[in-house]
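Close look at the chain arrangement
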Amino acid sequence: QAAPGSNSRGLRSGGTEPNASSSSCSARSPPRPHKPTSPDQQRRRPPPLLLLPPQSNSAAPVPATPAMSIFEYNGSAVVAMVGKNCFAIASDRRLGVQLQTVATDFQRVFKIHGKLYIGLSGLASDAQTLYQRLVFKHKLYQLREERDMKPETFASLVSSMLYEKRFGPYFCQPIIAGLGQDDEPFICTMDCIGAKELAKDFVVSGTASESLYGACESMYKPNMEPEELFETISQALLSSVDRDCLSGWGGYVLIVTPTEVQERILKGRMD
Amino acid sequence: WKLKTANGVVIATEKKLPSILVDETSVQKIQSLTPNIGVVYSGMGPDFRVLVRKSRKQAQQYYRLYKETIPVTQLVRETAAVMQEFTQSGGVRPFGVSLLIAGYDDNGPQLYQVDPSGSYFSWKASAMGKNVSNAKTFLEKRYTEDMELDDAIHTAILTLKEGYEGQISANNIEIGVIRADREFKYVYKVNYAVFTAT
C-alpha cells in the first residue's frame, strides 16, 4: 500500500544535486595532526560539519516521521467474512492523525440498507464523503426502482464511482458485504480506483491488511454459524491490529443474518 | 397491437409498404431495445429510429453503472422523459410516434404504451394506430388474463386482420414475442392456417 516513489531519504541529502553521491556521509578530510589549541582559537574554528535537517521556513510543522503514505494517515483495519447464510463485517475504532490518536470510537462500517453494509478503510475524510455520496445514490435508486439494491449491483456502482475519479481518486479501500438474492452472503473488496475483487471466504483492507490476511487465512473455515463466525472474526481482527501501530483501540463487529443484525463492541489492547 | 399473458408478451403490427417494389426486409417496425425488451411504434418512422437509438444508449449506460440489465419500468421512464423533454424545449417538436414497449424482467412480463406527450401507461392488452377503437373492442372481448402465449399470438393476428383491408400474409405483418426465457424474438414462421382459416 505504500505510495510509489515515497522518498524516505529526504532528510539525508543536505547538499545540492551534484554532490548527491558524496552526501551520504560526512566530508572525508585527510586526518589532521593533533595540535593543542587555545580557547580563543577554538572559538574561531569553524563548527564541525553536521548533517542538519532542512530548515523549515514556514509555520507548517515538520513531520516527525518520513513521508507517509496517504493511506496510512488515519490508520484503519476492516475485515469481512462469510458464514453459513450470514456474514460478519468488522473494523477497528481508532482514528489517528499520523502517530497521534484523536478518537477511539470512529465508525468505519456503514449501513446502506438492512442487508447491505460497506466498510471503508483509508483516509477518513474520503471514507465519510464516499459514504455520503453512496447513500445519496442508493436513496434515489430506492425511490426510482422501488426496491433495495442488490449487493452485486451496489459493488458495481461503487466501482464505477471510484473509477470516475481515476486521476484524482478517493483514498479509500471499500469492503462491501451483503445478503443477496435468497439471502446468499456476498462480500467483495476493491482498490482505490475500483478494481473489484470477489471472494468466497473473507476480504480485508486497511493498514493492518497484511496481518489480517494471515490471521484470517489460518482462522477461517467455511460454513460457520453466526456465533462461531463472531468469535473467529473478532480474534482475527484483534490479533491483527495488535501488530499494527496505526489501528486498534478496540473493535466493532456486525453479524448479519437474514433475520437479525447483531452489533458488538470489542475491548482489546487500548493502544 | 400488443398482448400480455401470464408467461410472455406479444407485439404485432401491419407493415404497409408504399409499393410492391419496396424491399420489405429493409423495413423493420419492431425493434429490440435490449435482449429482453422490444418495441413497436405507430407514427413516423424516422422519429422512431431516433428514439430507439436513444433508448438503447440509456439501457447500456444503466448496465455500465450497475452491471445489471435495465428493468422495463426504468427504460420506459427514461424514454418517456426524453419524449417529454421535446415537448418543452425550444426549437424542437414533439416526437410523432406512440410506442408500445414490451419486456420481461424480474417483475414478470410487462407492456407499456408511451405517447408523444411523454405519458406512459401499463397495459394488459392494447392497440394503437389505425382502427384503434375497433381493435380495442375486439381485444376486450378476446383477452383473458391466463391465456397462453400461442393463443395470444393468434389473437394478435386476428386483431390485425380485423382492421386490414386485403389479405394478410407473412410478408405484410411483423410479430415479436418475449417468453419466459426473457429473450425478445421475431416470429418468422407462423402456422399459415391462422391466416387462411378465419
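- The name given to chain B in an unreviewed UniProt entry is Proteasome endopeptidase complex, with Aegilops tauschii subsp. strangulata as the source organism.
- Listed in UniProt under the heading Function (unreviewed entry), the comment for chain B reads: "The proteasome is a multicatalytic proteinase complex which is characterized by its ability to cleave peptides with Arg, Phe, Tyr, Leu, and Glu adjacent to the leaving group at neutral or slightly basic pH. The proteasome has an ATP-dependent proteolytic activity."

- An unreviewed UniProt entry lists chain A under the name Proteasome subunit beta, from Aegilops tauschii subsp. strangulata.

1. Here we look at the overall build of chain B
- For chain B, the count of helices and strands is five helices and 10 strands.
- Here chain B has a C-alpha radius of gyration of 16 Å; the compact-globule value for 198 residues is 16 Å, and the two agree.
- Judged by the C-alpha coordinates and their principal axes, chain B covers about 50 × 35 × 30 Å.
- Each of the 198 residues in chain B was classed as buried or not, and the buried ones make up 49%.
- Of the contacts made within chain B by residues no fewer than 6 positions apart, 63% connect residues no fewer than 24 positions apart.

2. Brief notes about the environment of Leu 120 of chain A
Residue and element names in this part refer to chain A.
- The residue Leu 120 is located in strand E6 (residues 116-122) in this model.
- Each C-alpha atom of the pair Leu 120 and Lys 137 lies 17 Å from the other, and the pair is 17 residues apart in sequence.
- Apart from residues no more than four positions distant in its own chain, Leu 120 is found in contact with Val 78, Arg 108, Phe 110, Ala 127, Leu 130, Tyr 131, Cys 172, Gln 173 and Pro 174.

3. Section: the interface of chain A and chain B
- The interface of chain A with chain B comprises 10 residues on the first partner and 10 residues on the second.
- Buried area between chain A and chain B, both sides added, is near 890 Å², and the carbon and sulfur share of it is 42%.
- Sorting the residues of chain A by area buried against chain B places Arg 144, Glu 145 and Thr 153 of chain A first, and these three jointly supply 44% of that buried surface.
- Its salt-bridge partner being Glu 68 of chain B, residue Lys 150 of chain A comes within 3.5 Å of it at the nearest N-O pair.
- Joining chain A to chain B, the criterion identifies five residue pairs in polar contact (both at pLDDT 80 or more).
- Of all the secondary structure elements, the ones that give two or more residues to the side of chain A that touches chain B are helix H2 (124-145) and helix H3 (151-164) of chain A.

4. Describing the nonpolar core
- Counting residues in hydrophobic clusters, the biggest one holds 47 residues, and the most contacted among them are Ile 118, Phe 154 and Ile 176 of chain A together with Leu 99 of chain B.
- For this core, the element with the most residues is helix H2 (residues 72-88) of chain B, which contributes seven residues.
- When near neighbours in sequence (up to four residues on either side) are disregarded, Ile 118 of chain A contacts Ile 89, Arg 108, Val 109, Phe 110, Ile 112, Leu 134, Phe 154, Val 158, Pro 174, Ile 175 and Ile 176 of chain A.
- Judged by nonpolar contacts, the second largest core, of 39 residues, contains Ala 88, Ala 215, Phe 230 and Val 256 of chain A.

5. Some details on the sheet that holds strand E2 (residues 8-14) of chain B
Residue and element names in this part refer to chain B.
- In space, the five strands of this open sheet follow the order E8-E1-E2-E9-E10, with antiparallel pairing throughout. The strands lining the two open edges of the sheet, one partner per strand, are strand E8 (125-126) and strand E10 (184-186).
- Here E2 runs beside strand E9 (residues 173-178); their pairing, made up of six bridges, is antiparallel. In the sheet register, Val 10 faces E9, and the bridge partner there is Val 177.
- Strand contacts of helix H4 (residues 149-163): strand E1 (2-5), E2 and E9, with the helix running at about 20 degrees to E2, the strand carrying the most contacts.

6. Section: the packing of aromatic side chains
- Inspection of the entire model under this criterion finds eight aromatic pairs over all chains.
- Ring geometry for Tyr 112 of chain B versus Tyr 120 of chain B: centroids 6.3 Å apart, planes at 70 degrees, classification edge-to-face.
- Its relative accessible area of 9% is what places Tyr 112 of chain B among the buried residues.
- Above the ring of Phe 230 of chain A, the side-chain terminus of Arg 264 of chain A is found at 4.1 Å from the ring centroid.
- Lying over the aromatic face of Tyr 41 of chain B, Lys 29 of chain B brings its terminal NZ or CZ to 5.2 Å of the ring centre.

7. Describing unusual backbone geometry
Residue and element names in this part refer to chain A.
- Backbone geometry at Asn 85 places phi at a positive 55 degrees, although glycine is not the residue there.
- Take Asn 85: it is sitting in the loop between strand E1 (77-82) and strand E2 (87-92).
- A relative accessible area of 45% places Asn 85 in the partly exposed class.
- Of note, the phi angle at Asp 183 is positive, near 55 degrees, even though the residue is not glycine.
- Within the secondary structure, Asp 183 sits in the loop between strand E7 (172-179) and strand E8 (185-190).
- Given a relative accessible area of 22%, Asp 183 falls into the partly exposed group.

8. Concerning the confidence of the model for chain B
- When pLDDT is averaged across chain B, the result is 85; 93% of the residues are at 70 or more.
- Taken together, the chains of this predicted complex give a pTM of 0.78 and an interface ipTM of 0.81.

9. Quick notes on the sheet that holds strand E12 (residues 261-266) of chain A
Residue and element names in this part refer to chain A.
- Across the sheet, five strands lie side by side as E10-E1-E2-E11-E12; this open sheet has antiparallel pairing. The outermost strands of the open sheet, each flanked by one partner alone, are strand E10 (202-206) and E12. Looking at each pair of strands side by side, their axes are set apart by 10 degrees on average, direction ignored.
- The sheet contact formed by E1 and E10 spans five bridges and is antiparallel. Paired with Met 81 across the strands is Phe 202, a residue of E10.
- Helix H4 (residues 209-219) rests against E1 and E10 of the sheet, and its axis sits at about 160 degrees to E10.
- Lying on the sheet, helix H5 (residues 226-241) is in contact with E1, E2, strand E11 (251-256) and E12; it crosses E1 at an angle near 155 degrees.

What counts, and where the lines are drawn
Residues numbered from 1 in each chain as written. Chains lettered and ligands numbered in written order. Predicted model: local features only at pLDDT ≥ 70, side-chain atom pairs only at ≥ 80, totals over all residues. Heavy atoms only, no water. UniProt positions renumbered as here; feature names shortened; annotations may be inferred. Helix = DSSP H or I, 4+ residues; strand = E, 2+ residues; numbered from the N terminus. Rg over C-alpha atoms; globule rule 2.2 N^0.38 Å. Buried < 20%, exposed > 50% of the residue type's maximum accessible area, 1.4 Å probe, protein only. Contact = heavy atoms within 4.5 Å. Buried area = accessible area lost by both parts, 1.4 Å probe. Salt bridge = Lys/Arg side-chain N within 4 Å of Asp/Glu carboxyl O. Polar contact = N/O pair within 3.5 Å; in protein donor to acceptor, adjacent residues only side chain to side chain. Core = buried A, V, L, I, M, F, W, Y, C linked by side-chain atoms within 4.5 Å. Pairing = 2+ DSSP bridges. Axes fitted to C-alpha atoms, helices over the stretch in contact; angles between N-to-C directions. Phe/Tyr/Trp six-rings, centres within 6.5 Å; stacked < 30°, edge-to-face > 60°. Lys NZ or Arg CZ within 6 Å of the ring centre and 35° of its normal. pLDDT = per-residue confidence, 0-100.

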